[in-house]
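Structural overview
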Amino acid sequence: MADSFMGKAATMEIPINSNGETLAEDDSLEQDLQQVMVSGPNLNETSVVSGGYGGPAGGIIPTSSIKGPAIRFNPQYVDRRSPPAPNSGYLLSFVSGSGMHHSNSNQNMSVEEANRGVAVEKLDSVKKWGINTYKCTKQMFSERFGRGSRTVDLELEAQIDVLRDTKRKYESVLRLTSALTSHFYNMVQTQQALGDTFADLSQKSPELRDEFGYNAETQKLLCRNGEALLGAINFFVSSINTLVNKTMEDTLMTIKLYEAARLEFDAYRADLEELSLGPRDAATMVRIEVSQQQYQVQRDKYERLRSDVTIKLKFLEENKVKVMHKQLLLFHNAISAYFAGNQQQLEQTLRQFNVKLKPPGSDKPSWLEES
């Protein structure tokens, strides 16, 4: 039916009037019709969907199977063998591939699955954190109110208490020596200003030139020795600060981790003991097995941190004795040489402990900074 219709449409069109009567053939009209059909758009790359009255729904006729020139349909001309069909029409449909939509949907599904996996992991981590926090809080309150037991290493706890007390005393030494440095620095600056004033007065007072000159030299000598002593004290303060705020603080941070691990270990131990005292049904046995695994993990963590604390306490004690032996000897020799007025011994002490002094005037701002 379609081939005969297309064949007739490509060769001849019969015009009819509104009453259904056949009109006379017109050569010029036929020529115009052929010219229009030849110059019409090429439909070889599309599909013609016929949706006429009484016809099969969704019938698609591929135009690549039609031989001959392309066809443009004119609503004024129809094939004589085709009965007039009311509300009949023709629709051009472009068939698009579904591969792109399929790949996009797969990508969207993979992204959604990845996001869902991340959300599940976060939810599990929050759940575990909540359970662990609840157990540790319960254990802490039980220990404070005397209802629960705790694991105690008497020897290690004693060493930790000694370290904390030592740190407090060393912080006091650091605070006092820092105050001594500040006061002594002000005294050295005052001696320098006083020596400059005496030197100026010796030039302007001829009758007291010698007396002002002697005092100016004395103050300048004291200022030089004071700067040397100030360098020794600053070196002492810097070493004590490193020992207290870095070495000891690092050991105390490990101790805090050890104490947190001890609390978790006792919390899971108490939970396992509570489950062991209950009924032994199937569900309880599963919970006991899971609790046993968690208890073992916390025990390994506790043992590892306890070993770390023991090692750090040992090395800290050795380092503290070595550092303080050197620094206390430096402090004593420098103070003794300064107040004895022995400049050579003071300089020898600084060389012995590799204390480098800043050049005079290095703390003063440059002329650019002053301007």
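Predicted, not measured: the structure shown is a model, and the values here were computed from it. (Residues numbered from 1 in each chain as written. Predicted model: local features only at pLDDT ≥ 70, side-chain atom pairs only at ≥ 80, totals over all residues. Heavy atoms only, no water.)

1. Notes on the overall build of the protein chain
Scanning the protein chain from terminus to terminus reveals eight helices and three strands. Each helix (α) and strand (β) of the protein chain, taken in turn from the N terminus, gives the series α-α-β-β-β-α-α-α-α-α-α. The proportion of buried residues among the 371 residues of the protein chain is 27%. Considering only contacts within the protein chain whose residues lie at least 6 apart along the sequence, 77% involve residues at least 24 apart. (Helix = DSSP H or I, 4+ residues; strand = E, 2+ residues; numbered from the N terminus. Buried < 20%, exposed > 50% of the residue type's maximum accessible area, 1.4 Å probe, protein only. Contact = heavy atoms within 4.5 Å.)

2. Section: the packing of aromatic side chains
With the rule as written, the count across this model stands at seven aromatic pairs. The interplanar angle of 35 degrees and the centroid separation of 4.9 Å between the aromatic rings of F236 and F331 together place this pair among those described as tilted. With F236 in helix α5 (residues 209-276) and F331 in helix α6 (residues 282-340), this pair connects stretches of sequence that are 95 residues apart. You can call F331 partly exposed: its relative accessible area is 24%. Centre to centre, the rings of Y338 and F339 are 4.9 Å apart; their planes meet at 85 degrees, and the pair counts as edge-to-face. A relative accessible area of 10% places Y338 in the buried class. Feature note: the residues Y258, F265, Y295 and Y302 constitute an aromatic cluster, connected by ring pairs. (Phe/Tyr/Trp six-rings, centres within 6.5 Å; stacked < 30°, edge-to-face > 60°.)

3. Concerning the pattern of salt bridges
This structure, assessed with the given rule, holds 15 salt bridges. We note a salt bridge from K138 to E274, for which the minimum N-O separation is 3.8 Å. Of this pair, K138 sits in helix α3 (residues 99-144) while E274 sits in helix α5; the two residues are 136 residues apart in sequence, bridging distant segments of the chain. Its salt-bridge partner being D165, residue R168 comes within 3.4 Å of it at the nearest N-O pair. On the criterion of helical spacing, the pair formed by R168 and D165 is a turn pair, its members being three residues apart in helix α4 (residues 154-204). (Salt bridge = Lys/Arg side-chain N within 4 Å of Asp/Glu carboxyl O.)

4. Some thoughts on the nonpolar core
I160, L163, I255, Y258, V309 and L313 are the most contacted members of the largest nonpolar core, which totals 42 residues. Counting only elements with at least two residues in this core, the list comes to α4, α5, α6 and α7 (343-352). The leading source of residues in this core is α5, at 19 residues. For V309, the residues in contact, after removing those within four places along its chain, are L156, I160, T254, I255 and Y258. (Core = buried A, V, L, I, M, F, W, Y, C linked by side-chain atoms within 4.5 Å.)

5. Description of unusual backbone geometry
Look at N354: it is not a glycine, yet its phi comes out positive at around 55 degrees. Here N354 shows up in the loop between α7 and α8 (367-370). For N354, a relative accessible area of 61% corresponds to the exposed category.

6. Focus: the confidence of the model for the protein chain
The predicted model of the protein chain has a mean per-residue pLDDT of 75, with 68% of residues at 70 or higher. Per-element averaging of pLDDT across the protein chain places strand β3 (residues 90-93) at the bottom with 38 and α4 at the top with 94. Counting contacts from residues 1-26, a segment whose pLDDT is below 50, to residues more than four positions away or on other chains yields 31 contacts. Below a pLDDT of 50 lies the segment residues 43-97, which in the model reaches 57 contacts outside its immediate sequence neighbourhood of four places, other chains included. (pLDDT = per-residue confidence, 0-100.)

7. Quick look at α5
Note: α-helices contain 3.6 residues per turn, so residues at a spacing of three or four share the same orientation. In this model α5 runs 98 Å from its N-terminal to its C-terminal C-alpha over 68 residues, within 8% of the 100 Å that 1.5 Å per residue would give. Maximal helix bending in α5 amounts to about 35 degrees, located at E249. (Expected span 1.5 Å × (residues − 1). Bend = angle between axes of the 7 residues up to and from the residue.)

8. Describing the UniProt feature "coiled-coil region" (unreviewed entry) in the protein chain
As annotated by UniProt and renumbered to match this structure, "coiled-coil region" (unreviewed entry) occupies residues 288-319. Helix makes up 100% of residues 288-319 and strand 0%, and the two end C-alpha atoms of the span are 46 Å apart. (UniProt positions renumbered as here; feature names shortened; annotations may be inferred.)

9. Overview of the packing of α6 against α7
Relative placement of two packed helices is described by the angle separating their axes and the distance separating the axes. It is the contact of α6 with α7, at a shortest axis distance of 8 Å, that shows an interaxial angle of 160 degrees. Here α6 lies roughly antiparallel to α7, going by the angle between them. Every pair of crossing elements has a handedness; the one defined by α6 and α7 is left-handed. Residues L330, N333, A334 and A337 of α6 lie in contact with α7, whose contacting residues are Q345, L346 and T349. Partitioning the contact of α6 with α7 into residue classes produces four nonpolar, three polar and no charged. (Axes fitted to C-alpha atoms, helices over the stretch in contact; angles between N-to-C directions. Parallel < 35°, antiparallel > 145°, perpendicular 65-115°, else oblique. Left-handed = near helix turned anticlockwise from the far one by under 90°. Nonpolar A, V, L, I, M, F, W, Y, C, P; charged D, E, K, R; others polar.)

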